[in-house]
Amino acid sequence: MSLLGSTIYLKDDPTTVVGVLGIAILLCLVLWRLFRWLFSGPPQPDPWSEEVAAEIAKDDAVPLCHRCLAPHDSQVDFCPDCGAPVGPYTNWLPYPYLFSIGHTLRIGASGDFRRSPLTIAGFLLLGMVEYALFAPVYWFMLLKGLSVRCQSEPPSDLPPQDAPSAGD
Ligand SMILES: [Zn+2]
């Protein structure tokens, strides 16, 4: 009751009304400037040429795996070479999404990903969400994969190259 009384008292105070109106106008101005800033810039150009963009837009363009760049059929859910989920709706399907999560967790355990505090924290969190009580087992595998990869070689985001033959 006393809170209601003080609220009514504050509404009658002209200084408070002017202050609240000023804050509201300032907030509206900031939001309007933010909205203009977000939508006023030119659209970002594609990192490839217009010729490549035209090739991509063709109906008979062959889709490539986003992980290993291997061509695959447009109807498959997973890349036949590396197992990455490549279907447009694979992560939304009730059953195949489990394999997609498994593939992501295997990437973390193998240590073959671009390491940053954010990605490592993401793998730790994903392991906790997916495995609950068994998360420490996954965390052990994750840290083991990270330490093994740190000692041997930097992570590769590119598909494995063929080894040069002895005759070259
Ligand atoms: Zn692949």
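From a predicted model like this one, the values you see are computed outputs, not experimental measurements.

*Asks:* What am I meant to see in the overall build of the protein here?
*Replies:* Looking only at helices and strands, the protein has six helices and zero strands in total. The linear arrangement of helices and strands in the protein, starting from the amino end, is α-α-α-α-α-α. Burial status across the protein gives 7% buried among its 168 residues. Long-range pairs, those at least 24 residues apart, make up 25% of the contacts in the protein with a sequence separation of at least 6.

*Asks:* I keep staring at helix α4 (residues 96-110) and nothing clicks. Help me out?
*Replies:* Each α-helix winds once per 3.6 residues, and so residues spaced three or four apart point in a common direction. With 15 residues, α4 should reach 21 Å at 1.5 Å per residue; the first-to-last C-alpha distance of 21 Å fits that figure. Of the residues one or two after α4, G111 is the one with positive phi, at around 80°.

*Asks:* Which parts of the structure should I look at to understand the confidence of the model for the protein?
*Replies:* Do not read the predicted coordinates in detail wherever pLDDT is low. Summarising the model, the protein shows a mean pLDDT of 84, and 83% of its residues fall at 70 or more. Mean pLDDT across the secondary structure elements of the protein bottoms out at helix α1 (residues 2-12), with 57, and peaks at helix α5 (residues 117-131), with 95. Below a pLDDT of 50 lies the segment residues 158-168, which in the model reaches two contacts outside its immediate sequence neighbourhood of four places, other chains included.

*Asks:* Just checking my understanding: could you explain the packing of α4 against α5 for this structure?
*Replies:* Describing two packed helices takes the angle between their axes plus the distance from one axis to the other. Relative to each other, α4 and α5 sit at 135°, their axes nearing to 10 Å. Judged by the inter-axis angle, α4 sits oblique to α5. Regarding α4 and α5, the two cross each other, and that crossing is left-handed. Listed contacts from α5 to I101, T104, L105 and G108 of α4 are F123, L126, G127 and E130. A per-class count over the contact of α4 with α5 returns four nonpolar, three polar and one charged.

*Asks:* What should I look at first to understand unusual backbone geometry in this one?
*Replies:* Trans peptide bonds make up the majority, and among non-glycine residues the majority have a negative phi. You will see that L69, though not glycine, has its phi angle at about 65°, which is positive. With 12 C-beta atoms packed within 10 Å, L69 lands in the exposed category.

Criteria and cut-off values
Per-chain numbering applies: the sequence of each chain, read as written, is numbered from 1 onward. Residues qualify for local features only when their pLDDT is at least 70, as the model is predicted, and side-chain atom pairs are given and counted only at 80 or more; totals for whole chains, interfaces and linings, by contrast, use all residues. Runs of H or I in DSSP of at least four residues are treated as helices and runs of E of at least two as strands, each being numbered from the N terminus. Whether a residue is buried, exposed or partly exposed follows from its count of other C-beta atoms within 10 Å of its own C-beta, namely 20 or more, 12 or fewer, or something in between, respectively; the C-beta atoms are built from the backbone. Remark: residues whose backbone-derived C-beta atoms lie within 7 Å of one another are considered to be in contact. Expected span of a helix: the number of residues minus one, times 1.5 Å. pLDDT gives the predictor's per-residue confidence on a scale running from 0 to 100. Here an axis means a line fitted to C-alpha atoms, over the contact stretch when the element is a helix, while the angle between two N-to-C directions is reported on a 0 to 180 degree scale. Put simply, angles under 35 degrees are roughly parallel, angles over 145 are roughly antiparallel, angles from 65 to 115 are roughly perpendicular, and the rest are oblique. A crossing counts as left-handed when the near helix is turned anticlockwise from the far one by less than a right angle, and as right-handed when that turn is clockwise. Think of it as three bins: nonpolar holds Ala, Val, Leu, Ile, Met, Phe, Trp, Tyr, Cys and Pro, charged holds Asp, Glu, Lys and Arg, and polar takes everything else, Gly as well.

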